[in-house]
Amino acid sequence: MLVTQQKVLRRFWYAIMPISKLDAGPQPFTLLGEKIVLWKKSDGTPAALRDRCCHRTAKLSKGFVEGDHIVCGYHGWQYDCSGSCVKIPQAPAMAIPAGAKVPAFPCQEKYGYVWVALEDPLKPIMDIPEHAEGSYRCIQQFDVSWKTGALRLMENSFDAAHFAFVHKGTFGQFSQQKPEFFGITETDYGFEAETKLTINNPPASHRITGTTEPTTRRHFRNQWHLPFNRRLGLNYPNGLEHLIITCATPIDDENIQILQWLYRNDTEADCPAAELNEWDLRVIAEDKEILETVDADAPVDLGRRVEQNMAADQPGLIMRKRLLALLEQHGEQEVHRAAKTIIPIREVTTCPL
Ligand code: FES
Ligand code: CO
């Protein structure tokens, strides 16, 4: 599926960057191939426009903010958050032409991040009740780009069959190549997956897991929220709760921005954020190493028969089924690379789902 070609994907909210980044002035971002500029208005709320001045096409992200407006860095034309040009400094007496506008996009701040939808959103941003609860702290972890597809990152997040191999240097146990329990329930937002397996604890920090034991039998409750968001909940035996939010925001057909943050019901004194981030950076570096070798274009229509499957692929196969259904509901077909670049698999093994 080439995400930039599937129009319905423009109708979801995507996490773009921590809102604190806008303190440095307007910032560019590419979302689903659309170049946008983000800035912070005087009331602290963000705004998003196409990153292209309607005068001589300069990038507005090279400009600056004045009050609620963004000012083009080339000749100083000023735009409000609806994209209307409100000032042409060289011609103050001239009526501003009706066509002096750039497209504006729905934009809001939530959970400390800027979120943008390119068209009328189909549903609200996923709810994270812990954000408003005083017993949890929020830790911003990563805001990085990878050369992979958003669906690839999501299915990797729910793929318990890769831990023993990709993560054998951190939490994965090479002897445990599938979890002892795996269950999945489809929901309106996507699905909830329940996994029980034993993992290696970080050897250098007992504070991350709150235990000095070398391993923990973990019980994960994870949610996939259409199209590319994950909520991963870990409950430790000592009552520690560790919640990971991961958003795979599609930049274009080959690249994503990964935004990840945590909620924990402990304090910085119990476990410094730097320790948590250092461990998780090691874990995601293992995923990056392999995921960047995977074709970014993940098929959602299994009838294309370009990949083999096994039973442990169930989460990713449900994602594909739901994404294909979403396309069909909106009158779209899956768009993928020209057939000559795809190597079809002639014999597809029967996959017991
Ligand atoms: Fe933006 Fe001229 S290109 S004001
Ligand atoms: Co992984």
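Look up: the structure comes first, before these words.
Residues numbered from 1 in each chain as written. Chains lettered and ligands numbered in written order. Predicted model: local features only at pLDDT ≥ 70, side-chain atom pairs only at ≥ 80, totals over all residues. Heavy atoms only, no water.

**A word on the overall build of the chain**
Point 1. If you tally the helices and strands in the chain, you get four helices and 18 strands.
Point 2. Here the C-alpha radius of gyration of the chain, 22 Å, is about what a compact globule of 353 residues would show, namely 20 Å.
Point 3. Along the longest, intermediate and shortest principal axes, the C-alpha atoms of the chain span 75 × 55 × 30 Å.
Point 4. For the chain, with 353 residues in total, the buried portion stands at 52%.
Point 5. When contacts within the chain are restricted to residue pairs at least 6 apart in sequence, those whose partners lie at least 24 apart make up 60%.
Point 6. About 16,500 Å² of surface is accessible on the chain, with carbon and sulfur atoms providing 52% of the total.
Point 7. Taken as two groups, the 39 positive and 45 negative side-chain charges of the chain have centres that lie 4 Å from each other. (Helix = DSSP H or I, 4+ residues; strand = E, 2+ residues; numbered from the N terminus. Rg over C-alpha atoms; globule rule 2.2 N^0.38 Å. Buried < 20%, exposed > 50% of the residue type's maximum accessible area, 1.4 Å probe, protein only. Contact = heavy atoms within 4.5 Å. Areas by Shrake-Rupley, 256 points an atom, 1.4 Å probe, with all protein chains shown as cover. Lys, Arg positive; Asp, Glu negative; His and termini not counted. Charge placed at Lys NZ, Arg CZ, Asp CG, Glu CD.)

**Things to note about the coordination of the cobalt ion (ligand 2)**
Point 1. In this structure, His162 (NE2), His167 (NE2), Asp287 (OD) and Asp287 (OD) serve as the protein donors to the cobalt ion (ligand 2), at separations of 2.0 to 2.6 Å.
Point 2. Coordination geometry of the cobalt ion (ligand 2): the four donor atoms subtend angles of 55 to 154° at the metal centre, consistent with an arrangement described as irregular.
Point 3. Written as a sequence motif, the donor arrangement for the cobalt ion (ligand 2) is H-x4-H-x119-D.
Point 4. By relative accessible area, His162 is classed as buried at 9%.
Point 5. The exposure class of His167 is buried, given its relative accessible area of 1%. (Donors = N, O, S within 2.8 Å, 3.2 Å for Na, K, Ca; no water. Tetrahedral: all angles 85-135°; square planar, octahedral: opposite > 155°, others 65-115°.)

**Points about unusual backbone geometry**
A negative phi angle is the norm for most residues apart from glycine, just as the trans form is the norm for most peptide bonds.
Point 1. In this model, Leu226 is joined to Pro227 through a cis peptide bond whose omega is -5°.
Point 2. Mapped onto the elements of the fold, Pro227 is located in the loop between strand E15 (215-225) and strand E16 (229-235).
Point 3. A positive phi angle, close to 60°, is found at Tyr111, a residue other than glycine.
Point 4. By the element assignment, Tyr111 lies in the loop between strand E10 (107-110) and strand E11 (113-116).
Point 5. You can call Tyr111 buried: its relative accessible area is 6%.

**Concerning the packing of aromatic side chains**
Point 1. Using the criterion set out here, one finds seven aromatic pairs in the structure.
Point 2. Each ring, one from Tyr111 and one from Trp115, has its centre 6.4 Å from the other, and the planes form 75°; the classification is edge-to-face.
Point 3. Its relative accessible area of 1% is what places Trp115 among the buried residues.
Point 4. Members of the aromatic cluster, joined through ring pairs, are Tyr111, Tyr113, Trp115 and Trp261.
Point 5. Its end group placed over the ring of Phe181, Lys196 keeps NZ or CZ at 5.4 Å from the ring centre. (Phe/Tyr/Trp six-rings, centres within 6.5 Å; stacked < 30°, edge-to-face > 60°. Lys NZ or Arg CZ within 6 Å of the ring centre and 35° of its normal.)

**Quick look at helix H4 (residues 314-329)**
Point 1. Taking 1.5 Å per residue as the helical rise, H4 with its 16 residues ought to reach 22 Å, and the 22 Å between its terminal C-alpha atoms agrees with that figure.
Point 2. By the burial criterion, the buried members of H4 are Pro315, Gly316, Leu317, Ile318, Met319, Arg320, Arg322, Leu323, Leu324, Leu326 and Leu327.
Point 3. Gly331 sits one or two positions beyond H4 and adopts a positive phi of about 70°. (Expected span 1.5 Å × (residues − 1).)

**Digging into the environment of Thr195**
Point 1. Relative to the helices and strands, Thr195 is located in strand E14 (residues 190-200).
Point 2. Expressed as a C-alpha distance, the spacing of Thr195 and Trp146, which sit 49 residues apart in the sequence, is 27 Å.
Point 3. Beyond its immediate sequence surroundings of up to four residues, Thr195 is in contact with Pro179, Phe181, Phe182, Arg218, His219 and Phe220.

**Some points on the sheet that holds strand E9 (residues 104-105)**
Point 1. On the basis of which strands lie adjacent, the open sheet formed by four strands has the order E2-E3-E4-E9 and antiparallel pairing. Looking at strand neighbours, the two that pair on one side only are strand E2 (27-31) and E9, the edges of this open sheet. (Pairing = 2+ DSSP bridges.)

**Remarks on the pairing of E11**
Point 1. Because side chains alternate across E11, one face comprises the buried residues Tyr113 and Trp115, and the other comprises Val114 and Val116, equally buried.
Point 2. Judged from the four bridges that link them, strand E1 (residues 14-18) and E11 form a sheet pairing that is antiparallel. Note on E11: the bridge partner recorded for Tyr14 is Val116.
Point 3. The pairing of E10 with E11 spans four bridges and is antiparallel. Its bridge partner lying in E11, Glu109 is registered against Val114.
Point 4. In sequence, E10 turns back onto E11 through a hairpin of two residues, with Tyr111 there showing a positive phi of about 60°.

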